[in-house]
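Here's the letter readout for the chains.
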Amino acid sequence: MNGSGIPVSGASPMTAAMLMTRDVITAYPDTPLSAAVRQMFQHRIDRLPVVRAKAAVEDRVRDARLEWAIVRPTLTFGSNDILINNLAWALRRLPVYGIPGRGRYPIQPVHVDDVARICLEAAEGRSGLVTDAAGPETPSYRDLVGTVRSAVGSRSLVVPMPAWAVLVAARAMGPIVHDVVLRRDEITELTTGFLTSREPPQGQIRPAEWIAQHGSELGRRWASELARNYSRTGQA
């Protein structure tokens, strides 16, 4: 490599992976400016890439010469889901459960049955409809953790932790469950209000009631996101 940092003949070729940033912090085109600013202060960054993948897909749908509707779920839950089931799994087994920050940020889970109903109603309605699928409750994340903890009879100590520490712990647990437990962008979405809707909620199934009813079955097995996407089992 010469003085300018460019590989010379005979040297190992430089690849993009050597220069790229892992776990890039991103925003979406419709992210409120206040939330984007909070992300930049929180992670001490001066640039925030805008992810347009979802927007691009929606543009393709809009441009199609077909009748269409777009339904945007906030955060889905249901039997053997990723979020609540794996939260219960951790609370059943870990003596200490760390949450990013103080956990006061709101989330608005919507049951998969409600999502299915909202999609069917959207399909029967006018073409060009864009709507959110959001649940009827907006608890803080800490309250949701407490609800799951009570439902499964956990004695795990729930403690606030810096986001980086939660991410390190999640990465350490990854090889144990053979899964990607948590990503930096997921922490960002969780802590900045991305998982809520400004529209009136269309979901009817209340998360707190559903969790209480299904506490005995939650978290018995880890629901692997990798296995669900790349194998037939869906469980680790």
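Everything below is about the structure shown above.
Keep in mind the model is a prediction, meaning the values are calculated, not measured.

(A) Fine view of the overall build of the protein. Counting its regular elements, the protein contains nine helices and six strands. Here the protein, with 236 residues, has 37% of them falling under the buried criterion. Restricting to contacts in the protein with at least 6 residues of sequence separation, those with at least 24 account for 77%. Carbon and sulfur atoms form 55% of the exposed surface of the protein, whose accessible area is close to 14300 Å².

(B) How the structure looks around the pattern of salt bridges. With the rule as written, the count across this model stands at five salt bridges. A salt bridge links arginine 183 to aspartate 185; the shortest N-O distance between them is 3.0 Å. With a relative accessible area of 32%, arginine 183 lands in the partly exposed category. Connected via shared salt-bridge partners are Asp114, Arg117 and Glu121.

(C) Expanded view of helix H7 (residues 184-191). Of all the residues in H7, the buried ones are Ile187, Thr188, Glu189, Leu190 and Thr191. Positive phi shows up at glycine 193, right after H7, with a value of about 80°.

(D) Looking closely at the packing of helix H3 (residues 83-93) against helix H5 (residues 141-151). At a minimum axis separation of 10 Å, H3 and H5 run at an interaxial angle of 65°. Classified by chirality, the crossing of H5 by H3 is right-handed. Between H3 and H5, the residues in contact are Leu83, Ile84, Leu87, Ala88 and Leu91 and Tyr141, Leu144, Val145, Val148 and Arg149, respectively. Split by residue class, the contact of H3 with H5 holds nine nonpolar, no polar and one charged.

(E) Representation of the nonpolar core in the model. The biggest cluster of nonpolar side chains holds 26 residues, and the ones touching the most others in it are Leu91, Tyr97, Tyr141, Val145 and Val148. Looking at this core, the elements with two or more residues in it are strand S2 (75-77), H3, strand S3 (96-100), H5, helix H6 (163-177) and helix H8 (207-213). When residues in this core are grouped by element, the largest group, six residues, is from H3. Residues within four places of tyrosine 97 in sequence aside, it is in contact with Leu87, Ala90, Leu91, Tyr141, Val145, Ser156, Leu157, Val158 and Val159.

(F) Structural view of the packing of aromatic side chains. Taken as a whole and judged by the stated rule, the model has three aromatic pairs. With centroids separated by 5.4 Å and ring planes inclined at 70°, the aromatic side chains of phenylalanine 77 and tryptophan 210 adopt a geometry described as edge-to-face. Of this pair, phenylalanine 77 sits in strand S2 while tryptophan 210 sits in helix H8, placing them 133 residues apart in sequence. Look at tryptophan 210 and you get buried, because its relative accessible area is 7%. An angle of 80° between the planes, with centres 5.1 Å apart, marks the rings of tryptophan 89 and tryptophan 222 as edge-to-face. Here the residue tryptophan 89 occupies a position in helix H3, and tryptophan 222 occupies one in the loop between H8 and helix H9 (225-230), the gap between them amounting to 133 residues.

(G) Expanded view of the environment of leucine 75. By the secondary structure assignment, leucine 75 is in strand S2. Classification of leucine 75 by relative accessible area gives buried; the value is 18%. Measuring from C-alpha to C-alpha, the distance between leucine 75 and valine 112 comes to 9.3 Å, with 37 residues separating the pair along the chain. Discounting chain neighbours no more than four positions away, the residues touching leucine 75 are Leu83, Gln108, Pro109, Val110 and Leu195.

(H) The environment of glutamate 209, seen in detail. Within the secondary structure, glutamate 209 sits in helix H8. Using a relative accessible area of 48% as the deciding quantity, one classes glutamate 209 as partly exposed. It is 9.9 Å that separates the C-alpha atoms of glutamate 209 and alanine 151, two residues lying 58 residues apart in sequence.

(I) View of unusual backbone geometry. Even without a glycine there, the phi angle at asparagine 80 is positive, about 60°. With respect to the helices and strands, the residue asparagine 80 is situated in the loop between S2 and H3. Residue class for asparagine 80 comes out partly exposed when judged on its relative accessible area of 27%. Positive phi, close to 55°, is recorded for histidine 178, a residue that is not glycine. Position of histidine 178 relative to the elements: it lies in the loop between H6 and H7. The class of histidine 178 is exposed, set by a relative accessible area of 62%.

Thresholds, definitions, all that
- Residues numbered from 1 in each chain as written.
- Predicted model: local features only at pLDDT ≥ 70, side-chain atom pairs only at ≥ 80, totals over all residues.
- Heavy atoms only, no water.
- Helix = DSSP H or I, 4+ residues; strand = E, 2+ residues; numbered from the N terminus.
- Buried < 20%, exposed > 50% of the residue type's maximum accessible area, 1.4 Å probe, protein only.
- Contact = heavy atoms within 4.5 Å.
- Areas by Shrake-Rupley, 256 points an atom, 1.4 Å probe, with all protein chains shown as cover.
- Salt bridge = Lys/Arg side-chain N within 4 Å of Asp/Glu carboxyl O.
- Axes fitted to C-alpha atoms, helices over the stretch in contact; angles between N-to-C directions.
- Left-handed = near helix turned anticlockwise from the far one by under 90°.
- Nonpolar A, V, L, I, M, F, W, Y, C, P; charged D, E, K, R; others polar.
- Core = buried A, V, L, I, M, F, W, Y, C linked by side-chain atoms within 4.5 Å.
- Phe/Tyr/Trp six-rings, centres within 6.5 Å; stacked < 30°, edge-to-face > 60°.

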